[in-house]
Amino acid sequence: MSSTDKKIYYVSLQGRSLLEDQQATAYEWSIEATPEEADQVSHLLEQLGEQETRSFLAFTYPWPDSPEQDVNAGYQSIVDVLYKLIYRFGTPETREQLSRTMGYTEEG
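Position numbers for residues start from 1 in each chain and track the written sequence from start to end. Residue-level local features of this predicted model are given only where pLDDT is at least 70; pairs of side-chain atoms are given and counted only at 80 or more, and the full residue set underlies all totals for whole chains, interfaces and linings. Heavy atoms throughout the structure, all of them, feed into the side-chain values; hydrogens and water do not.

A.B. asks: Tell me about the sheet that holds strand 1 (residues 7–12), and name the residues and values.
C.D. replies: Each pair of strands is called paired provided DSSP finds at least two bridges between the two strands. Every helix listed is a DSSP run of H or I at least four residues long, and every strand listed is a run of E at least two residues long, numbered separately from the N terminus. What the three strands build is an open sheet, ordered 2-1-3; its pairing is antiparallel. Each having just a single partner strand, strand 2 (17–19) and strand 3 (29–33) make up the two edges of the open sheet. Between one strand and the next, the sheet's axes are offset by a mean angle of 30°, whatever the strand orientation. Here strand 1 pairs with strand 2 via three bridges, running antiparallel. The partner of Ser12 across the bridge, within strand 2, is Ser17. The axes used here are C-alpha line fits, helices contributing only the stretch in contact, and every angle between their N-to-C directions lies in the interval 0 to 180 degrees.

A.B. asks: Account for the nonpolar core, naming residues and giving values.
C.D. replies: Among buried residues, those of type Ala, Val, Leu, Ile, Met, Phe, Trp, Tyr and Cys that are joined through side-chain atoms within 4.5 Å constitute a nonpolar core. Residue burial is assigned from relative accessible area. The probe radius is 1.4 Å, only protein chains are included, and a residue is buried under 20% of its type maximum, exposed over 50%, and partly exposed in between. In terms of nonpolar packing, the biggest core is built from 21 residues, with Val11, Leu13, Ile31, Val41, Leu82 and Ile86 touching the most fellow members. Only strand 1, strand 3, helix 1 (35–60) and helix 2 (68–89) provide two or more residues apiece to this core. Contacts between residues were defined by any pair of non-hydrogen atoms, one from each residue, lying within 4.5 Å. Contact partners of Val11, with chain neighbours within four places excluded, come to Ser17, Leu18, Tyr27, Glu28, Trp29, Ile31, Val41, Leu45 and Ile86.

A.B. asks: Could you give me a rundown of the side chain of Glu37, with the residues and numbers involved?
C.D. replies: Relative to the helices and strands, Glu37 is located in helix 1. On the basis of relative accessibility, which here comes to 16%, the residue Glu37 falls in the buried class. Excluding residues that lie within four positions of it along the chain, Glu37 makes contacts with Lys6, Glu32 and Phe89.

A.B. asks: With reference to specific residues and values, describe the pairing of strand 3.
C.D. replies: Counting buried positions along strand 3 gives four out of five residues, so the element sits mostly inside the fold. Bridge count between strand 1 and strand 3: five bridges; the pairing is antiparallel. What sits directly across from Tyr9, in strand 3, is Ile31.

In structure tokens form, the structure reads like this:
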């Protein structure tokens, strides 16, 4: 398979996973992507997990110079980029659902 061949992947934001097997676990979104595009999504899912850990530690061991909005900003920026990629690579069903529920469009 060449790197330009697209295949279906299943994305679970809750599980922080990107899978090729639809039956492996619950998922929220399906995308059609090249292996390189799938790696982008997978990398962002990893970053999201890492940011959650940092956010948890910031709330568990708060520092006076770590306002809540700053802690949440890093997490939210990853979520925003991730949803844009999911929409961009999304199957027609995924794109329709994101359009309906979150207002996503071709323009972003």
